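What follows is each chain in one-letter form.
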Amino acid sequence: MEGRSLVMVGMIVVMVMFGCKGNGEEVTYDGRSLIIDGQRKLLFSGSIHYPRSTPEMWPSLIAKAKDGGLDVIQTYVFWNIHEPQPGQYDFSGNYDLVKFIKEIQAQGLYACLRIGPYIESEWNYGWVPSYFPHLFEYALSGPSQTFWDRRGFPFWLHDIPGISYRTDNEPFKIENEYQNVEAAFGNKGRSYVRWAAKMAVGLQTGVPWIMCKQTDAPDPVINTCNGMNCGETFKGPNSPNKPSMWTENWTSFYQVFGGKPYIRSAEDIAFQTSLFIAKNGCFVNYYMYHGGTNFGRTSSAYVITGYYDQAPLDEYGLSLKNRASSAPKAHLDEALAKTLRCILGLLRQPKWGHLREMHLAIKACSKILLAGQQSILSLGPLQQAYVFQEVSGDCAAFLVNNDTRNSVTVDFQNNSYQLPPRSISILPDCLNVTFNTAKVTTQSGTRTSKSNIALSSPETWEIYNEMSPNFLDTSFEADALLEHMNATKDKSDYLWYTVRFQPDSSCSEPTIHVLSYAHAAHAIVNGIYAGGAHGNHDVKNFILETPVKLDSETNNITILSVMAGLPDSGAFLERRFAGLREVLIRCNGKDDYNLTANYTWGYKVGLTGEDLQIYKEENLGDVVWSGHATSPAQPLTWFKAAFDAPDGDDPVALNLRTMRKGEAWINGKSIGRYWVSLLTTKGTPSQTL
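In what follows, the accompanying structure is described. Note that the structure is a prediction, hence the values are computed from the model and not measured.

### Concerning the side chain of K604
Next, step 1: Its place among the elements puts K604 in strand β32 (residues 601-605).
Next, step 2: The exposure class assigned to K604 is buried, which follows from its relative accessible area of 13%.
Next, step 3: Of note is the side chain of K604, whose polar atom sits 3.5 Å from the side chain of D611.
Next, step 4: When sequence neighbours within four positions are dropped, the list of residues in contact with K604 reads P469, D473, T474, S475, Y494, L495, W496 and D611.

### A few points about the sheet that holds strand β19 (residues 423-427)
Next, step 1: Within the open sheet, the 5 strands sit side by side as β14-β15-β16-β19-β20. Their pairing is antiparallel. Each edge of the sheet is formed by a strand with only one pairing partner; in this case those strands are β14 (373-380) and β20 (435-436).
Next, step 2: Pairing geometry for β14 and strand β15 (residues 383-389), over 7 bridges, is antiparallel. Paired with G380 across the two strands is Q383, which belongs to β15.
Next, step 3: Where helix α9 (residues 266-278) meets the sheet, its contacts fall on β14, β15, β16 (395-401), β19 and β20, and the angle it forms with β16 comes to roughly 135°.

### A word on the sheet that holds strand β28 (residues 542-547)
Next, step 1: Spatial ordering of the open sheet is given by β28-β25-β30-β31, a layout of 4 strands whose pairing is antiparallel. Two strands lie at the open edges of the sheet, namely β28 and β31 (590-594), each paired on one side alone. Ignoring which end each strand starts from, the neighbouring axes of this sheet average 30° apart.
Next, step 2: Here 6 bridges tie strand β25 (residues 511-516) to β28, and the two strands are oriented antiparallel to one another.

### Digging into the state of the cysteines
Among covalent bonds in proteins, the disulfide is the one between the sulfur atoms of two cysteines.
Next, step 1: Inspection of the entire model under this criterion finds 3 disulfides.
Next, step 2: Note on cysteine connectivity: C225 is disulfide-linked to C230, with sulfurs 2.0 Å apart. The disulfide joining C225 to C230 has a torsion of about -80° about its S-S bond and is therefore left-handed.
Next, step 3: Residue classification places C230 among the buried residues on the basis of a relative accessible area of 2%.
Next, step 4: Looking at the unpaired C112, the closest cysteine sulfur is the one in C212, lying at 10.0 Å.
Next, step 5: C365 takes part in no disulfide bond, and the closest cysteine sulfur to it belongs to C430, at a distance of 8.8 Å.
Next, step 6: Take C365: its relative accessible area is 1%, and that puts it in the buried class.

### A closer look at the environment of D493
Next, step 1: Relative to the assigned elements, D493 resides in the loop between α12 (484-488) and β24 (494-501).
Next, step 2: On the accessibility criterion, D493 (5% relative accessible area) is buried.
Next, step 3: Measuring from C-alpha to C-alpha, the distance between D493 and V605 comes to 8.6 Å, with 112 residues separating the pair along the chain.
Next, step 4: Excluding its chain neighbours within four sequence positions, the residues that come into contact with D493 are R297, H484, S561, V562, M563, G565 and R673.
Next, step 5: Here the side chain of D493 touches R297 through a polar contact of 2.9 Å, side chain to side chain.

Cut-off values and rules
Residues numbered from 1 in each chain as written. Predicted model: local features only at pLDDT ≥ 70, side-chain atom pairs only at ≥ 80, totals over all residues. Heavy atoms only, no water. Helix = DSSP H or I, 4+ residues; strand = E, 2+ residues; numbered from the N terminus. Buried < 20%, exposed > 50% of the residue type's maximum accessible area, 1.4 Å probe, protein only. Polar contact = N/O pair within 3.5 Å; in protein donor to acceptor, adjacent residues only side chain to side chain. Contact = heavy atoms within 4.5 Å. Pairing = 2+ DSSP bridges. Axes fitted to C-alpha atoms, helices over the stretch in contact; angles between N-to-C directions. Disulfide = S-S within 2.5 Å.

Here it is, written out as structure tokens:
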């Protein structure tokens, strides 16, 4: 397989499958399978996203995927990291897509490339670059293709008159899983799908195109399945001339701050995958095979730093046989008991090993599956046999027991077979069982960690207290409460709202009442912290209400609005609102001062420490750092410490169990957000390492 690549490109609502033309690959398809250089292919694929790991990890991750029986590595292309500003490109470090693809090629696997630009993927705003292009030029000139080629795809669609993101406006026809939102756009959504298919096919690439999760994909575009149960729910291609493909077999599910991890068993993945293959499936991609880490501020709303940690390869890339190369990962904020830990152990077993055994069993009869005639036999009220028979007499079979409670004995070709509850036995020769989805023989593994360096002493840390701005310190003003995302342009998670007002003498027992559609809010009155509140992934708003102390003269009210990621999916993203909706000062329990209207608000985007980039070594001297023991931490505090990297190649993390909320940097690189104080229903943090 030297020199080969299989690329799946996600453009508009479609992806295209093609081989590396320089090596003579020709990729076509018929009603049974993909065909590469005239050979039918039954392919197992796994999603590994290059920016969610490090270049040092890539060879190990890809090797483990190959050893696990995969033929293909799938990844999105994350456009917003490659062009953070118009005309400024970044393909360095873990953004080096070419290096990642070459590593896949070097290990003899195919690459499945979903180029987007819109990807969703629990990625901030679904991929969109955070810069603000020359929208006034757009408003004057209209949707010029030349303009968009030059300026890039904009994030701040709020500012464009008449634009409905994810529908028929020409520059925005870049998609993923569009059927989830198609109905919201009515006839425009349906015409959009037809236009997308016609446009893609019209490019005359000479290769197949697919639409994932799009049952009405127009010919010749292939419709594919996404989800956990495609073995049972996928109704098949919408034409007998298209193959059956599963583009996202969810091995787990993404986790949010305040949410518990979703554990999908190895047995369930194997059952659904085997059933899909038995029903003439030819391509299965595991989403994710390795989830990795949401470095920096790349994750979407409330999504934790660890991505799909329950995948066959965990966040650190650990699996059965060996450990990942050194991949430091951590977070920092306001706490004392910080401990550098090394991650040890075997993971994710039995998931990785059980799927490997299934791949081997299926590949042992792949020729028969792709060339044989399928027949379906009843073996009982809830039992079937999917049989594949070649003209030569070679035979393979899948014996299925759909009974979720009871084991059954079935007779097949004059032999008896015991089938556990809800299981499938694979018989590559229609005689001998080489694999059963419910019988796990792989030994379970457990991820462990050990303390390596204790960072719990106050003398270890220096701090810089972030000061809240007052009205005169703000950058711009408005006679209204501005929408958070449009004000920050994703330059920061933080937006300061400030206002001045003077109460009359009758205002006793004052409280501040804030209705917010952001993720968290903190109130500061006359420089004194009054209190905070937050929402969660499942609610759209929350209320901050706390007593405050007012002066008889002019008072400065400052509210810090916080977002932990932006939305990444859904219809009409350009209409989403985040930030403050209502601010009241209540006196004696009455709404005596409505600061929402008739007041001028001042605004400042981000923190001073962010503006000065004090997380970089060369900028540490731009602020005055104090000893932690002599200068107590305030509600908004930067911490810094130095340590020597532990010996060895084990992944490294920080234990943040006593932390609250923030973002962390190591050697100037952001390693992600943390929100330890937002607990699950069991009273535990969603992620501490």
